[in-house]
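Overview (structure and organization)
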Amino acid sequence: MGHGNGSRCKMDDECLAVWTNTQLFLKSSSDSSLKLTSLPTAQLGAGGYNNNSVPILDVSFPSDPEELGVLVQVLTAEGDSKVLTLLYDLSTTVWSLPESTREHSSAGNFSLLYLTSAMPEALVWDSIYVTYFFSNGTGTLQVLEGNMTSDLVDAAIESIQEITAGPNGDFLIHLTSNKLYYGRVNMENVVELSPDELPEAEFVLYFDMLGRMHLVNYDSTASSATTRLFPLQAEVYSSLYPTTSCPFYRFSHEMDIDGYYIDVGEELQIWALLLYPNGSQNSVEVLLRDGHLLQQNFSSEIHPSSLYTSENMTMHFSSNVTFEMLQAEKTGSGSKTTGVVTVEVRPKQTSYACRGPVNMVTSIFVGCPPDRHIRVRRPSGSEECSSYQNYIYTLSPNMYDPTYRGEGCQGCTENSTEVTFDLDSLGCPIDVFYSDRFRPTVDLYDGDQFVREVTEDYFVWEAHGRTGYGYNATMQQAGCVCEAQTLAGMLTAGNVSSPSEAWGPQNYQPCSTPCDPPGSLSGQLEVLSSSGVSALTFGSSKGIFVFHLKVLDPECSYCILQTQFAVRVYGSPSESLELYVYLAVLAFIVGTVIILILTYYMYYKLMAKEHEKVLQEWTSKEDEEDQDGKEDGEEMEKEEEKEEM
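Numbers given for residues are sequential positions, taken from 1 along each chain in its written order. Only residues with pLDDT of at least 70 get local features here, since the model is predicted, and only at 80 or more are side-chain atom pairs given and counted; chain-wide, interface and lining totals rely on the full set of residues. As a convention, hydrogens and water are excluded, and side-chain values are obtained from all of the structure's heavy atoms.

Looking now at the confidence of the model for the protein chain. pLDDT is defined as a per-residue confidence score from the predictor, taking values between 0 and 100. Looking at the protein chain as a whole, the pLDDT averages 84, with 87% of positions reaching at least 70. Here, residues are in contact when the closest pair of their heavy atoms is within 4.5 Å. Overall, residues 1-5 carries pLDDT values under 50, and its contacts beyond four positions in sequence, including any with other chains, amount to 12 contacts.

See below:
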């Protein structure tokens, strides 16, 4: 990168820095545009420097994604020109001088480059000298030649053309004489490479994300550029030969280079494995930046064998902050509990002969994970509801709270208002019978990935200021020992019109916390939770309710969790009375039919018995007559026989 009076820029992931000699513009991941950032002239003045003019020489991003290093030129009280490195925290907008500072003579143009490391380890150079700022010391880079060292540059015939850094803490120095030097973080000497295939024409070297070196050759006569892989590791071995021993056999890990997110109460576990010769004093080393933000527990299992010794280190990180700590931070009265913890894992002993990578750096973002949000759970088997697309319903003036000052209600108490149901944002409304108690079930998501059910406290309010709902439990019934906060009280106390601004994790006080005096516990409890007793009730109301829902408990998440959902209340008392009448009439008709059927059956059974009885009597009478006729016939035969005799 050239130097001059023109503007320059550098970008690191979502952070962008643009600067001139006198102005610095920054855009962090949370900003939508570049913002002019003032240099810490007051701090420099307090440090004994002349702060009337502070030219910016260079800018570089450390491994911490929320930091920026700025190289500036200052004048001492004695009038000497010096170069200093300043650190700027993008999240807190606070400037600081790094713990390891060194003044440089400003005889030439200076550049700044941070290397991949947990600590802000950097190189500052001009055309001749490279100064290193490592966690193990500060000094000027020398060239390692066997057991001897020598200067990097012969100022009479050459100068530094560029320095490029890789993703694993290594870097390459390219001189105008086409000499190449290879170095690594925390190693105070560099080794000279002697490649045979370097082009004589202009070329540029750069590392890719995997740590491979590429060489780009520009042919000015043909106006073309070609690129090829540069055998960096082979060149390093060649320059070190015959001293090519490494103090370990293998270094591996389970770390994500893109980083991790830890929310309130969450945990993270990662591991690293090192294989090294028996009898060696090597081990896994862990470096942390801002490690106080997380609780840490490191444990190692060492297993010696006949060929080597293995160390398996497990690193456990957790965010166990308290309610009081979180609320103090949100109100600005406590220490910071969010930020970025930079973690570097590496072998304690290494050398240039070790095959890279020989360290691993990652970031743990302590705070709100991206795309984390809440959703109100719909009942299983919910039907399709396309009929609510562009559905319009009317709210009459008597449906509104006259004291409501929130959004969505302008002149509502004077005129009826037509509301268009926003199906895309709200989804299908949840059906609730008017006499049922309703408590929303809230789920936590990362994108479309379910995380867990929200068990912490939350509250709801109707988006249009509609009345017609309440709560089934009083504060006393819910077990409160102190008068609970209410939405109306928070709106009045905060003198704001938005319920979302008036009440949230920053000012929530659970009613289970004792207070003196306890206040009145007869009011309705408006705070809901999955394990609480309070729930929504709708009385005789019916129709559509659109609710906002916001989580109150800061121990749920660093995120501000808020969502919307809709409820359709059906079966009001008048409708239920008509239903009861219909059911009664239907029951009467059905009962009458059953009685008639039973009566007919009993009548039929009775008549059948009478008919059987008559038939039996008739049959008996005929049998008796036949018997009498037979007896009379026998007597007549006997009389006839007597007369013949």
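A separate point is the pairing of strand S7 (residues 67-76). Within a regular strand, side chains alternate between the sheet's two faces. Burial here depends on accessible area, computed with a 1.4 Å probe over protein chains only, as a share of the maximum for the residue type. Under 20% is buried, over 50% is exposed, and the range in between is partly exposed. Here a strand is any run of E in DSSP of at least two residues, a helix any run of H or I of at least four, and the numbering for each starts at the N terminus. Here S7 lies mainly inside the structure; 8 of its 10 residues are buried. One requirement defines pairing of two strands: DSSP has to find at least two bridges between them. Here strand S5 (residues 49-50) runs beside S7; their pairing, made up of 2 bridges, is antiparallel. If you follow Tyr49 over to S7, its bridge partner there is Thr76. A loop of 6 residues connects strand S6 (residues 56-60) with S7, the two strands running antiparallel in sequence. For S7 and strand S8 (residues 81-89), the ladder comprises 9 bridges, and the chain directions are antiparallel. Within the sheet, the bridge partner assigned to Leu68 lies in S8 and is Tyr88.

This part takes up the sheet that holds strand S42 (residues 562-570). Overall, mixed pairing links the 4 strands, which are arranged S35-S42-S41-S38 in an open sheet. With partners counted over all chains shown, the strands left at the sheet margins are strand S35 (430-433) and strand S38 (458-462), one partner each. Strand-to-strand twist across the sheet, computed as the mean angle between neighbouring axes with direction ignored, equals 35 degrees. The pairing of S38 with strand S41 (residues 543-551) spans 5 bridges and is antiparallel. Each bridged residue has a counterpart across the sheet, and for Tyr458 the counterpart in S41 is Val551. Lines fitted to C-alpha atoms define the axes, with helix axes restricted to the stretch in contact, and inter-axis angles between N-to-C directions lie between 0 and 180 degrees.

A separate point is the pattern of salt bridges. For salt bridges, the criterion is a side-chain nitrogen of Lys or Arg within 4 Å of an Asp or Glu carboxyl oxygen. Summed over all chains, the structure comprises 13 salt bridges. A salt bridge links Glu158 to Lys179; the nearest nitrogen and oxygen atoms lie 3.8 Å apart. With Glu158 in the loop between strand S16 (148-150) and strand S17 (160-165) and Lys179 in the loop between strand S18 (170-175) and strand S19 (180-184), this pair connects stretches of sequence that are 21 residues apart. Residue class for Glu158 comes out buried when judged on its relative accessible area of 7%. Between Arg212 and Asp208 there is a salt bridge, with the nearest N and O atoms lying 2.8 Å from each other. Several salt bridges converge on common partners, so that one network encompasses Asp263, Glu266, Arg372 and Asp446.

Of note, Gly479 is situated in the loop between strand S39 (470-471) and helix H5 (487-494). Sequence spacing of Gly479 and Leu521 is 42 residues, and the spatial spacing of their C-alpha atoms is 9.3 Å.

So, about the side chain of Asp64. As for its placement among the helices and strands, Asp64 is situated in the loop between S6 and S7. None of His or the chain ends enter the tally, which takes Lys and Arg as positive and Asp and Glu as negative. At 4.7 Å, Arg289 is the nearest oppositely charged side chain to Asp64, a buried residue that forms no salt bridge. Think of a polar contact as two N or O atoms within 3.5 Å of one another; within protein, one of them needs to be a possible hydrogen donor and the other a possible acceptor, and neighboring residues in sequence only count if both atoms come from side chains. In this structure the side chain of Asp64 is engaged in a polar contact, spanning 2.9 Å, whose partner is the backbone nitrogen of Glu66. Among residues more than four places away in sequence, those in contact with Asp64 are Asp290, Val340 and Thr342.

Here a cavity means grid points, on a 1 Å grid over the protein atoms only, where a 1.4 Å probe fits yet cannot get out; a pocket means an open set of points with protein on both sides within 12 Å along at least five of seven lines; lining residues are those with an atom within 4 Å of a point. Grid points are joined across faces, edges and corners, and a volume is the space filled by probe spheres set on the points. Taken as a whole and assessed by the stated rule, the structure comprises 1 cavity of 30 Å³ or more. Taken as a whole, the largest cavity spans an internal volume of roughly 40 Å³. Lining the largest cavity, in full, are Pro505, Val551, Asp553, Cys556, Ser557, Cys559, Ile560 and Leu561. Per-class residue counts for the lining of the largest cavity are 6 nonpolar, 1 polar and 1 charged. Here the nonpolar group is Ala, Val, Leu, Ile, Met, Phe, Trp, Tyr, Cys and Pro; Asp, Glu, Lys and Arg are the charged ones; every other residue, Gly included, is treated as polar.

Among buried residues, those of type Ala, Val, Leu, Ile, Met, Phe, Trp, Tyr and Cys that are joined through side-chain atoms within 4.5 Å constitute a nonpolar core. The biggest cluster of nonpolar side chains holds 37 residues, and the ones touching the most others in it are Leu123 and Ile173. Looking at which element gives the most residues to this core, the answer is S18, with 4 residues. Not counting residues up to four positions away in its chain, the partners in contact with Ile173 are Val130, Leu141, Leu152, Ile160, Glu162, Ile163, Lys179, Leu180 and Tyr181. Residues Ile270, Phe317, Leu326 and Val358 belong to the second largest nonpolar core, which totals 30 residues.

When you line up the elements, Glu462 lands in strand S38. Of the side chains bearing the opposite charge, Arg466 lies closest to the buried Glu462, which forms no salt bridge; the N-O distance is 6.0 Å. Reaching out from Glu462, the side chain makes a polar contact with the backbone nitrogen of Arg466 at a distance of 3.2 Å.

The subject of this paragraph is the state of the cysteines. Working definition: a disulfide is two cysteine sulfur atoms within 2.5 Å of each other. Following the criterion strictly, the structure yields 5 disulfides and no others. Note that Cys368 is cross-linked by a disulfide to Cys559, the S-S spacing being 1.9 Å. Taking the sign of the S-S torsion, 100 degrees for the link of Cys368 and Cys559, the bridge is right-handed. In this pair, Cys368 sits in the loop between strand S31 (360-366) and strand S32 (372-376) while Cys559 sits in the loop between S41 and S42, placing the two residues 191 residues apart along the sequence. Under the relative-accessibility criterion, Cys368 is labelled partly exposed at 38%. Using a relative accessible area of 6% as the deciding quantity, one classes Cys559 as buried. Each sulfur of the disulfide joining Cys480 and Cys511 lies 2.1 Å from the other. Taking the sign of the torsion about the S-S bond as the criterion, the disulfide between Cys480 and Cys511, at about -55 degrees, is left-handed. Of the two residues, Cys480 sits in the loop between S39 and H5 while Cys511 sits in the loop between helix H6 (499-502) and strand S40 (536-537), which places them 31 residues apart along the sequence. Residue Cys480 is classed as buried on the basis of its relative accessible area, which comes to 6%.

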